[in-house]
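# Summary of the model geometry
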Amino acid sequence: MTRSPRFDVLFDPVRIGPKTAKNRFFQVPHASGMTNANPYVRAAFRGMKAEGGWGVVSTGACSVHPSSDDTPFPFATLWDEADLRAHRVMTDAVHDHGALAAVELWHGGAAAVNRTSRYAPLSPSGVPWMATHVGFMSSARPKVMDAGDIRDLIRWHTEAAVRAERAGFDILYVYAGMGYLPYQFLLSDYNHRTDAYGGSVRNRVRLTEELIDAVREATGGRCAVALRISLQELRARASETAPSEAHEVITLLADAPDLFDVKMDYSATDCAPSRFAPEGSHEPVVDFVKTLTDKPVVGVGRFTSPDTMASMIRRGVLDLIGGARPSIADPFLPNKIAEGREDDIRECIGCNMCIASWHDGVWVRCTQNPTAGEEWRRGWHPEIVRKDSEGSVLIVGGGPAGLEAALTLGRRGFDVTVAEAQRELGGRLLWETRLPGLRQWFRVADYRLGQLRKMPHVSLHAESPMEASDVRDFGADHVIVATGARWTRNLCGANEIPSGPLDAPRVYTPDDIAAGVAIEGPVAVFDFDNYYMGSAIAEHLAALGLATTYITSAGSAQSWGVMTNEQPLVHKSFLKAGIAYRTLEIVEGFDGETVRLSQVFTGEARSVAARALVIVGQRAGGSALYDALAGEGLPSLSLTGDANAPGAIAHAVYQAHRTARELGTVAQDVRRDAPFAMRNLLRYGEAAQ
Ligand code: ADP
Ligand code: SF4
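Residues numbered from 1 in each chain as written. Chains lettered and ligands numbered in written order. Predicted model: local features only at pLDDT ≥ 70, side-chain atom pairs only at ≥ 80, totals over all residues. Heavy atoms only, no water.

## A few points about the pairing of strand β15 (residues 415-419)
Taking burial as the measure, the five residues of β15 include four buried ones, the bulk of the element. In this structure, strand β14 (residues 392-396) lies alongside β15, joined through five bridges in parallel fashion. Paired with Leu394 across the two strands is Thr417, which belongs to β15. (Buried < 20%, exposed > 50% of the residue type's maximum accessible area, 1.4 Å probe, protein only. Helix = DSSP H or I, 4+ residues; strand = E, 2+ residues; numbered from the N terminus. Pairing = 2+ DSSP bridges.)

This is the structure we're talking about:
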């Protein structure tokens, strides 16, 4: 297939200072959960994107000094020679495929509270960053930087820049965004200084400018210098001389860096879930930058549509198409467009499981791309599966797990049959993605169905409920049961451990709503699942015009949504939809008119009037079909997806991918990565002498 000429513009080379990117696809810095302790895992993850055609591939935040220590969140470092060697593995992997390697030099200032290094966090004026956000909260408060601290900061960037060049990086970032130290100097809220670094915008910009100059000088102009800057708050602040402070800042810095990387200020807006923000949602904040500078501009917006990308270039909004999540979901996105295969793009669904991985402190996990993070450890390639088999497989269940297993086994060369009871394939996605904001999640099924329909040796059968005798009669070499999980009516105790089912009139589960049961209002939704289902059902019921009260045993609505950046947006959405919500309460009983509640900590009795109660609590896996087949002596039988262990869609897809990769093979040991040693290893006890 050949590329559509309307996408040619995406493949123009772009000059970035002394370097040239081969095309406009720029994997901007993003967290991977991989640190210098996993140099090969990280190199394989980043290198895969270079292999997939990204013209520039960047690290995530890379600390210039131990006074910028983000633990327990994973981050990279460029503190010494061992760090340099760790990064070299990645830059080699990126260069092997003709891409440029970028490093995001980073000092977190007051946003990095140095839990391990125990340095006092640095700040322009002692104002903490996000002091109320649980992930960033600390009992430490930042110190006010003096002139010596500012000199040190510049020197640390200089030293890190020298190491970065030696490690093979082509583009070195100065990071003035997302609450980190230079950003705090830019904003008057954080910067109350009365010296040359505070007061006027001119003075507040000074530190960023000096850092850019220092990094450029340190590498003799051989590396390109990029500025990553958040513009959401600055653009909202009035200026006497320009349309906003953001305009003033960009004007002052117009010639300073070789590249502008422009973004939002907060994780929830910068990396907004698709449930609450569409593709390209940054544009209203960053659209002016190119009018004020001749330097190339890169920006993100969860771009997965090549038409949107081309339009961003043609309309003069951006010069380079930044991708973080789209590059995780599909490292081969650029090559697919280059080859005229845009239908094959595995589009990011905007669920933010990848962000949740960073918040969890682990390697990136992706709902759409189960191979993310497994490129080195398990040797999984996102596009290529060894063609090694000619047997037949029957997969029972056509949800995310069944479809992923079918795709991977189809690629391995098996004759695959999928039998699904429902009228359509898609499993839980069929109904869940009809809930408010979740439509894009159907891409999980769309992508797989699109690929499967091109495979002549795969047959997909809807309206085909299977019983044990049907499976036996079918006679496949391998049987995979992927029949999903069911929501229970179980309540829970104050410790959120599920207890027995609630037997009362008009008590429903999400499965009942999916089956089309008519709900009477007012309705109460009791959520102790704490992910999206409870809040999405509350939004759904409110949209039907029912008076809705959301009740949770946790301290906030969709409490696990703090991991996916959804939580603040869920609260806003509840307010907009008029959904009442109650926290730290559990349901004790329901008589069809009144929900009896108790406060989690005190046990105090409370109540809410309701005609219906929806319990969003525990899901039960297991499969009667699998149990019936287990004793039959079939040559090969597996249970996978939610039926094996209920969880997020990402987990079901991952389990099924692994089941399919390993089917009929001898289990392989996973590879273990290890950091480079500092110098000569000390014996225990020597260090203290
Ligand atoms: P997962 O996330 O693990 O893929 P889902 O619940 O999304 O789980 O999908 C499971 C699918 O299996 C559902 O579409 C369901 O209709 C289907 N299914 C369950 N039991 C059978 C059966 N006996 N025969 C065929 N399909 C079944
Ligand atoms: Fe996109 Fe979700 Fe994958 Fe993140 S986890 S890249 S949001 S599909």
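## A word on the environment of Arg314
Looking at the secondary structure, you find Arg314 in helix α11 (residues 306-314). Classification of Arg314 as exposed rests on a relative accessible area of 52%. Ignoring anything within four residues of it in the chain, the contact list for Arg314 reads Arg6 and Val9. (Contact = heavy atoms within 4.5 Å.)

## Topic: helix α14 (residues 353-360)
The element α14 is largely enclosed, with a buried count of seven among its eight residues. Taken together, the buried positions of α14 are Met353, Cys354, Ile355, Ala356, Ser357, Trp358 and His359. Contacts made by the buried residues of α14 are with α8 (267-270), α12 (325-329) and α23 (649-662). Of the residues one or two after α14, Gly361 is the one with positive phi, at around 85 degrees.

## Thoughts on the site of ligand 2
If you check the shell around ligand 2, you find 14 residues, and the closest are Cys348, Cys351, Asn352, Cys354 and Cys366. Of all the elements in the fold, those that place two or more residues in the shell around ligand 2 are α12 and α14. Ranked by residues supplied to the shell around ligand 2, first place goes to α12 with three residues. A class-by-class count of the residues in the shell around ligand 2 yields eight nonpolar, four polar and two charged. (Near = heavy atom within 4 Å. Nonpolar A, V, L, I, M, F, W, Y, C, P; charged D, E, K, R; others polar.)

## A look at the site of ligand 1
Contacts to ligand 1 come from 21 residues, most closely from Ala401, Glu420, Arg428, Met466 and Asp642. Contact between ligand 1 and Asp642: an oxygen atom at 2.5 Å from a side-chain N or O atom of the residue. Considering ligand 1 on its own, with 580 Å² of exposed area, one finds that the protein chains cover 86% of that surface. Among the residues making up the shell around ligand 1, the classes are represented as nine nonpolar, nine polar and three charged. (Polar contact = N/O pair within 3.5 Å; in protein donor to acceptor, adjacent residues only side chain to side chain. Areas by Shrake-Rupley, 256 points an atom, 1.4 Å probe, with all protein chains shown as cover.)

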